[in-house]
Amino acid sequence: MGTVTSSFNSRYATPVALLLLRHSMKLLLTAFFNGLISFAMAQSEEMRWIKNYGAERDEKLTSIAPTPDGGFIVAGYTTSKNFMALSHHGGMEGLLIKCDSTGQVEWRKLLGGPGDDGLLSVSPTRDKGYILCGWQGGAGGDVTDRCWGKVDGWVVKLDSMAHVQWNRSFGKMYMDMVYSVTETMNGDFLVGHVHEDWIIDSYLYRLSPTGKTKWSKKFNKDYALNIKAVELTDKSILMCVVERGYKIMRIDSSGKEVWEKRLGPTTCTYVYGFDVDARGNFALCVRLRKYDTLLKKYLPCNFFVVKGDKNGKILFEREFGTVREEEPSSILIRRDGGLAMTGYVEGETDSIIHGKRDIFLVLCDSSGENESYHCIGGSSDESALGVAETANGNLLVCGQSISWDHDMPGTFGLYDGIVFEFGKRSTIVVPVNEDSSEVDTVGTKMTEALRLIYPVPATDVLTIEGLEQGEFVTVYNSMGEVMFASEASGGILKIGVLEWPGGPYIISRRFGTRNEIDKIVKQH
């Protein structure tokens, strides 16, 4: 689903009359364009697949990145005690899942110690390993440093086999987080560390490939809530620092400031996304809050986007959003220069929003125009936290869901982590012959037989109809353990489930390069 909404490009506080006009125009334009643009976008772009990853409690996926083998890796945290049969160190655990291009799990790993730990960012590294960051709550397990406050910032380096090579903690008394870590061309790492106490300080560290500190730079001009830095091709560093608003800085490889530019309207609050592309262009996304002095209340939050070049020149800045409450989480500069922004949207349930909170995905071109707005969700609560681009130009979005209907696949426990791919609609090619089969875009033969799975909930025997000869069927329990696996001879397959514990199960039906997923429930 998608809509296009109008926006008013204002850099500073808008007069009341313009605010009311803009608010009314959004209502009219949203209603008018909803059916028209939703239909138009559906012809070209869609959610291609969605997968959920969970266990008996809560999972949240916060960061996602493509991997060189065509798959992806996603990070986050879990409160479940038995996630996919992995050993658990203590409280909340950092969660890392490596998947193929269709979202099938290749391996998974928990990281942490006896306290509460979590991951906020993951990226592949030049040595075929991974660099991660987030927080840790105490020494033990994978955590080698003590925790100085409630939680400390944490950076973890893994090798190509996902074994921990080294880890570093960053902290003082009270609370610390590492929100970002990026690799430089020589294998160093730029670490954005935030310390929160009576005041909030930000630090940028440059670490060696083995995790040793080369230099650090401190920012303490009140409320430095986030920091992210990316190395450019000339080895200088472009960084975003949030300080009562936000600013862009460029520093040299030793941390010396080259220039600084403060950006954005005064009504912006937090920076929720910052990205730099190969050309050195940057884009950032901030939450925008405005107060209506006539109505004497705050208007729903939208988000404000700034795109600029490596010298600080602004390419465009504009407001995005609808009349609903939106909170952005991530922004991505695509290879064609366009932008993708994601987060969550709240509002009354209607033809756009399925439930209490839905995921939004907003796309625009390199100049900030040709906006398309997509809502993805179920009848309950969903949010998106990370977005990345695949080699073929599609988007991968990660987040969290608790819904069982509409776009959502359901959950194994409470909230599950989710990943979906969004991109161009697949086309079906019909062969010019008498054969009734069809060929999909990757050349897999498929018949038009209707697949039926019954009864649901299952009791003693589960029946699957409409299978291809050679189609491989696998059933997993909520911990990822294989309960049944067999190659179908075609037609009907019956599976005895009488002895299986009650609860949710996943059915994977793989045929050639096609893989289809269904969810069933076994009655207790």
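This one's a predicted model, so the numbers in the text were calculated from it and none came from an experiment.

Chemist: Which parts of the structure should I look at to understand the sheet that holds strand E4 (residues 93–99)?
Modeler: Within a sheet, neighbouring strands are paired by backbone hydrogen bonds and run either parallel or antiparallel to one another. Strands sit in the order E2-E3-E4-E5 across an open sheet of 4 strands; the sheet is antiparallel. The sheet terminates laterally at strand E2 (59–66) and strand E5 (105–111), the two strands that pair on one side only. Across the sheet, the mean angle from the axis of one strand to that of its neighbour is 20°, orientation sign disregarded.

Chemist: Before we go on, may I ask you to explain the environment of serine 330 in this structure?
Modeler: By the secondary structure assignment, serine 330 is in strand E24 (residues 325–333). A relative accessible area of 14% places serine 330 in the buried class. For serine 330 and aspartate 275, which are 55 residues apart along the polypeptide, the C-alpha to C-alpha distance reads 8.7 Å. Look past the residues within four positions of serine 330 in its chain and what remains in contact with it is Tyr272, Gly273, Ala340, Met341, Thr342, Leu385, Gly386 and Val387.

Chemist: Would you explain the confidence of the model for the protein in this entry?
Modeler: Should the pLDDT be low somewhere, the predicted coordinates at that spot are not to be read in detail. Taken over all residues, the pLDDT of the protein has a mean of 79, while the share at 70 or more is 79%. Considering each helix and strand of the protein separately, the mean pLDDT is smallest for strand E32 (residues 445–446), with a value of 30, and largest for strand E29 (residues 395–401), with 96. Overall, residues 1–43 carries pLDDT values under 50, and its contacts beyond four positions in sequence, including any with other chains, amount to 79 contacts. Across residues 427–450, where pLDDT falls below 50, the model places 32 contacts with residues more than four positions away in sequence or in other chains.

Chemist: How should I be thinking about the side chain of threonine 411 in this particular structure?
Modeler: Its place among the elements puts threonine 411 in the loop between E29 and strand E30 (416–424). Reaching out from threonine 411, the side chain makes a polar contact with the side chain of tryptophan 404 at a distance of 3.4 Å. Polar contacts involving the side chain of threonine 411 include one to the main-chain carbonyl oxygen of leucine 414, which spans 3.3 Å.

How each quantity is defined
- Residues numbered from 1 in each chain as written.
- Predicted model: local features only at pLDDT ≥ 70, side-chain atom pairs only at ≥ 80, totals over all residues.
- Heavy atoms only, no water.
- Pairing = 2+ DSSP bridges.
- Helix = DSSP H or I, 4+ residues; strand = E, 2+ residues; numbered from the N terminus.
- Axes fitted to C-alpha atoms, helices over the stretch in contact; angles between N-to-C directions.
- Buried < 20%, exposed > 50% of the residue type's maximum accessible area, 1.4 Å probe, protein only.
- Contact = heavy atoms within 4.5 Å.
- pLDDT = per-residue confidence, 0-100.
- Polar contact = N/O pair within 3.5 Å; in protein donor to acceptor, adjacent residues only side chain to side chain.

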